[in-house]
Each structure stands twice: as structure tokens, then as C-alpha cells.
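Architecture and fold: a report
Here's the letter readout for the chains.
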Amino acid sequence: MLYKMLNIVGVRFKKVGKVYHFDPAGIELKVGDTVVVETTRGIEMGEIAVGIHEADESIIKKPLRPVIRIATEEDFKVLEENKKKEAEAFKVCCEKIKKHGLEMKLVEVEYTFDNSKILFYFTADGRIDFRELVKELATVYRTRIELRQIGARDESKTLGSIGICGRGLCCAQFLGEFEPVSIKMAKEQGLSLNPTKISGSCGRLMCCLKFEQDVYEDLLKVTPRTGSVVETPDGVGTVEYVNLLKGQLKVKIDNEREKVHRDYSTKDVRVIKKGRSDRDSEKNNDELLKKLED
């Protein structure tokens, strides 16, 4: 089946959010322009994150909606007014939550540009029966009300914070979408499996574990594990320590007189028998650590 090429433009609705594709509809657009578009939620304002370019029709999610216009001064006034409304709605919703005794934390309130809907984002440990809350909010604002439960990662992305590295959270600075992060990554990177050292402010595994994982996976393919029996220029020995990034090993050489430890490069040894990493058999904190994964 033949597909045609389409002109598309990428629009982002939040500072660090997912990029959605739209039809530029013949409008001259450049990165950084603020535009008004029609979405499944209604009319919205967003910023051009990816300029006009061609893409195969097969990879475009249908329907491809058009850009309505470049934002005008009046549009910016509406946006500013909506922000004031959001702040007020946040206060009102918090009061209603307290009134109904609901175990939930309000994180953000968002008005659609055309005021056709108000979205309330919250976190909670479990399912919340918020039907009465929705009814009461609908009575106050007389428009469509939607409550969305979000995860701990989304909360940190929305609120922002400082990571243990001393810099702003990656999710709030540049990560458009979250990628899966697993305990296996922490183990392969030789990190401490102490939950407080490998989890971010959201209480989940740090997103940065994903950044270097491909490099570690490549190095693990060519580096003997701790416990491996290897042949070295000085005889056969057992790997006792591995510096994965430097490609260096500390090997205990067995000879008739004494046992000596010597350092070698991974390229200077040959594996005779593969060892089993201590981390492969760690079970102590598995259940606790699994809770850090999304």
C-alpha cells in the first residue's frame, strides 16, 4: 500500500510536554510561534516545538487537525484570564475536597482555552469516589468538569523540584515523555540498591538511570563478571572487582607460593568460566525495590 507525504508541524501545550502533530494549513509557522489549534479537548493554545516538515502518512495519528491561526493579542489575554481562573478554581476545589473528606491531593487545575472544560488533576493512593465532588464543582462553574488521577511521576513533572544532583528534575526540564525505568538498570550500573539513593523526589526510580543504560549494556557484553575465572598474562585467576566504565578488573591469581591481586584491562583476559554476579542473587530488598518501578 502506498502512502503519501504530508506537511505537519509539532505543537506542545505545556513547557515540557508531549508533542502533537497538526496540519499547518498553509500558514507560515516557525519554532517558538504560539498557535491556536483544535484538539479532542476543544480549542487550545500551544507552542510550535517542531517546525513544518514532511512525514509519511502511515506514521501520522488520524485525524490530522489543522492549525487555526497564529495566536493574537486577544488570545493571549484570554490565556492570562484563564490562568487567574485556574488559581481561583484550585482554591475552591481544595475546599470542596476537605469538605467531603476525600483522601486525595489536588495537583493542578487547567481550563481549556475556550472554557468548554475544566480539568482537575490529583493524586491518591487508591481509587476515589469523587462523584459528589464533580457534581458540586459543575454547579459552581456550570461547565464540563473532569477529574483525572495522575501518578507520582506526573506530579513531580508538574510541580518541579531539585534532584539529588542539585539540578532541576529532568522530567520538569526536558523530558517530553516518561520511559520505563527498572531495578535491573540500577543493578547493571552497579548502583547501591538503597531505595533512598536511586529514587527521585517522586519516590520512583530516577529517570536518569535510563540515559546511560545502552552504554552499560554494551560494556556488560564484553566485560567478565565478578567471580569469573579468567586467563591472564600471569596465569589463571578469579575476578574479584570490576570497574565497568574504565574496563579494568582486579584479579586474584592463584599460584603455588601465594595469592596475589593484579589489575588488568578487559581486553587482556580471556573468560574460562563465567561468574555469577552477587546482584543476580540478591533477594533481600526485591519486594521493596519493585515498588519504585512504575
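Just above, that's the structure.
Residues numbered from 1 in each chain as written. Predicted model: local features only at pLDDT ≥ 70, side-chain atom pairs only at ≥ 80, totals over all residues. Heavy atoms only, no water.

Bringing the overall build of the protein chain into the picture now. Counting its secondary structure elements, the protein chain contains eight helices and 13 strands. Over its C-alpha atoms the protein chain spans a radius of gyration of 27 Å, topping by over 25% the 19 Å that the globule rule assigns to 294 residues. Considered along the principal axes of its C-alpha atoms, the protein chain spans approximately 90 × 55 × 40 Å. Looking at the protein chain as a whole, 36% of its 294 residues are labelled buried. By sequence separation, contacts in the protein chain at least 24 residues apart represent 59% of the contacts at least 6 residues apart. About 18600 Å² of surface is accessible on the protein chain, with carbon and sulfur atoms providing 49% of the total. (Helix = DSSP H or I, 4+ residues; strand = E, 2+ residues; numbered from the N terminus. Rg over C-alpha atoms; globule rule 2.2 N^0.38 Å. Buried < 20%, exposed > 50% of the residue type's maximum accessible area, 1.4 Å probe, protein only. Contact = heavy atoms within 4.5 Å. Areas by Shrake-Rupley, 256 points an atom, 1.4 Å probe, with all protein chains shown as cover.)

Take the packing of aromatic side chains next. Overall, the coordinates contain four aromatic pairs when judged by the stated rule. Considering the side-chain rings of F13 and Y20, the 5.9 Å spacing of their centres and the 50° angle between planes classify their relative orientation as tilted. Since its relative accessible area comes to 40%, Y20 is described here as partly exposed. Relative to F22, the ring of F13 lies with its centre 6.1 Å away and its plane at 80°, an arrangement referred to as edge-to-face. Judged by relative accessible area, F13 falls into the partly exposed class, the value being 28%. An aromatic cluster is present here, built from F13, Y20 and F22 joined pairwise through their rings. Above the face of the F178 ring, K157 is positioned so that its terminal group lies 5.6 Å from the ring centre. (Phe/Tyr/Trp six-rings, centres within 6.5 Å; stacked < 30°, edge-to-face > 60°. Lys NZ or Arg CZ within 6 Å of the ring centre and 35° of its normal.)

A few words now on the sheet that holds strand 1 (residues 5–12). Strand order across the open sheet formed by five strands is 2-1-4-3-5, with antiparallel pairing between neighbours. With one partner strand each, in any of the chains shown, strand 2 (19–22) and strand 5 (67–70) form the two edges of the open sheet. Put simply, the sheet's adjacent strands are angled 45° from each other on average, direction ignored. Where strand 1 meets strand 2, four bridges bridge the pair, whose relative direction is antiparallel. The partner of R12 across the bridge, within strand 2, is V19. Packed onto the sheet, helix 1 (residues 73–100) meets strand 3 (34–39), strand 4 (42–56) and strand 5 and runs at close to 125° relative to strand 4. (Pairing = 2+ DSSP bridges. Axes fitted to C-alpha atoms, helices over the stretch in contact; angles between N-to-C directions.)

Take the side chain of K96 next. With respect to the element layout, K96 can be found in helix 1. Judged by its relative accessible area of 17%, K96 falls in the buried class. Apart from the residues lying within four places of it in its own chain, the contact partners of K96 are L133, E136, L137 and V140.

A few words now on unusual backbone geometry. At A25, a position not held by glycine, the phi torsion is positive, near 55°. Relative to the assigned elements, A25 resides in the loop between strand 2 and strand 3. A25 sits in the partly exposed class, given a relative accessible area of 41%. Positive phi, close to 50°, is recorded for R142, a residue that is not glycine.

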